[in-house]
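# Examination of the molecular architecture
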Amino acid sequence: MIDTADAIVVNLCSRCGARGMPGPTRCSHCGAAEVRPARVPAVGTVLAATELLAPAAGWPSPHRLALVELEGAVRLLGVAEPNLPSVGARVRVRRDGDVYRVRPTDARGEGETPTAARSPRPFEPPRRKPPLD
Ligand SMILES: [Zn+2]
């Protein structure tokens, strides 16, 4: 089972019905081994978002991350594009290889309020104290 434009594949526990991120072979809620793939809508709500100005190598700066709760109660961390979303914003999620990409929902009246682009401060490394002799 693969993701589609409108759905993300998650794990569904056959015993308790809990949903979780794909990968684990046991239910993260009850521990049952009877998990199978299931699709949930690829839309959700931003629970938290942050912007890294000095991200790990290979990521652009600023690197914006959003914790999203998909409909179906699965939470995931994704790369927010193009701007930092507000907490509570409705977003659409798609998988891009190993990364989930989070964007505002389209203009279909799903409650998205565009976030104004912010101009991040340039990164300033912490000042180092001179070595003691
Ligand atoms: Zn379970």
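Keep in mind it's a predicted model, so treat the numbers as computed, not measured. Here, residues in each chain are numbered from 1, in the same order as that chain's written sequence. A pLDDT threshold of at least 70 governs which residues receive local features in this predicted model, and a stricter bar of 80 or more applies before side-chain atom pairs are shown or counted, although totals over entire chains, interfaces and linings include all residues. Only hydrogens and water are removed before side-chain values are computed, so all heavy atoms of the structure are retained for them.

## Focus on the overall build of the chain
- The number of helices and strands found in the chain is zero helices and eight strands.
- Strands are runs of DSSP state E lasting at least 2 residues, helices are runs of H or I lasting at least 4, and numbering of each runs from the N terminus. When its helices and strands are written in sequence order, the chain yields β-β-β-β-β-β-β-β.
- In the chain, the proportion of contacts linking residues at least 24 apart, taken out of those at least 6 apart, comes to 44%.
- Of the roughly 8,700 Å² of accessible surface on the chain, 54% is carried by carbon and sulfur atoms. Two residues qualify as a contact provided that any one of their heavy atoms is within 4.5 Å of a heavy atom in the partner residue. Areas reported as accessible are Shrake-Rupley estimates using a 1.4 Å probe. Residue values count occlusion only from the protein chains shown.

## Quick look at the nonpolar core
- I8, V68, L70, L76, V93 and V102 are the most contacted members of the largest nonpolar core, which has 16 residues in total.
- Secondary-structure elements contributing two or more residues to this core are strand 1 (7-13), strand 5 (63-70), strand 6 (75-80), strand 7 (90-96) and strand 8 (99-104).
- Residue contributions to this core peak at three residues, all from strand 5.
- Other than its neighbours up to four places away in sequence, L76 contacts M21, A66, L67, V68, L70, V93 and Y100. In this description, a nonpolar core means a group of buried Ala, Val, Leu, Ile, Met, Phe, Trp, Tyr and Cys residues linked to one another through side-chain atoms lying within 4.5 Å. Between buried and exposed lies partly exposed: a residue is buried under 20% and exposed over 50% of the maximum accessible area for its type, with that area taken using a 1.4 Å probe on protein chains only.

## Some details on the coordination of the zinc ion
- With water omitted from the atoms examined, metal sites may look incomplete; donors here are N, O and S atoms no farther than 2.8 Å from the metal, or 3.2 Å in the case of Na, K and Ca. On the protein side, the zinc ion has C13 (SG), C16 (SG), C27 (SG) and C30 (SG) as donor atoms, found 2.3 to 2.4 Å from it.
- Geometry assignment treats four donors as tetrahedral when all angles are between 85 and 135 degrees, treats four as square planar and six as octahedral when opposite donors are over 155 degrees apart and all others between 65 and 115, and treats everything else as irregular. Note that the zinc ion binds four donor atoms; their angles at the metal cover 107 to 113°, and the shape is tetrahedral.
- Sequence spacing of the donor residues for the zinc ion, all on one chain, is C-x2-C-x10-C-x2-C. You can see C16 sitting in the loop between strand 1 and strand 2 (19-20) and its partner C30 sitting in the loop between strand 2 and strand 3 (35-41), a full 14 residues away along the chain.

## Remarks on the pairing of strand 7
- Pairing of strand 4 (residues 43-52) with strand 7, which is carried by three bridges, proceeds in the antiparallel orientation. By the bridge assignment, T45 is partnered in strand 7 with R90.
- Pairing analysis gives six bridges linking strand 7 to strand 8, with the strands arranged antiparallel. Note on strand 8: the bridge partner recorded for R92 is R103.
- Between any two strands, at least two bridges found by DSSP are needed for them to pair. In sequence, strand 7 turns back onto strand 8 through a hairpin of two residues, with G97 there showing a positive phi of about 70°.

## Points about the pattern of salt bridges
- The salt bridge criterion pairs a side-chain nitrogen of Lys or Arg with a carboxyl oxygen of Asp or Glu, the two atoms within 4 Å. Under the counting rule described, the total for this entry stands at nine salt bridges.
- A salt bridge links R92 to D6; the nearest nitrogen and oxygen atoms lie 3.4 Å apart. You can see R92 sitting in strand 7 and its partner D6 sitting in the segment before strand 1, a full 86 residues away along the chain.
- The partner of R90 in a salt bridge is E71, with the nearest N and O atoms 2.7 Å apart. Residue R90 is found in strand 7, and its partner E71 is found in the loop between strand 5 and strand 6; the two are separated by 19 residues along the sequence.
- With relative accessibility at 34%, the residue E71 sits in the partly exposed group.
- When salt bridges that share partners are traced, they join E81, D96, R101 and R103 into one network.

## Overview of the sheet that holds strand 8
- With respect to topology, five strands assemble into a closed barrel ordered 4-5-6-8-7, the strand pairing being mixed. For this sheet, the mean angle separating the axes of adjacent strands, direction not counted, is 45°.
- Bridge analysis of strand 4 against strand 5 gives eight bridges, and the strand direction is antiparallel. Paired with A49 across the strands is A66, a residue of strand 5. Axis definition: a line fitted to C-alpha atoms, limited for helices to the stretch in contact. Angles are taken between N-to-C directions and run from 0 to 180 degrees.

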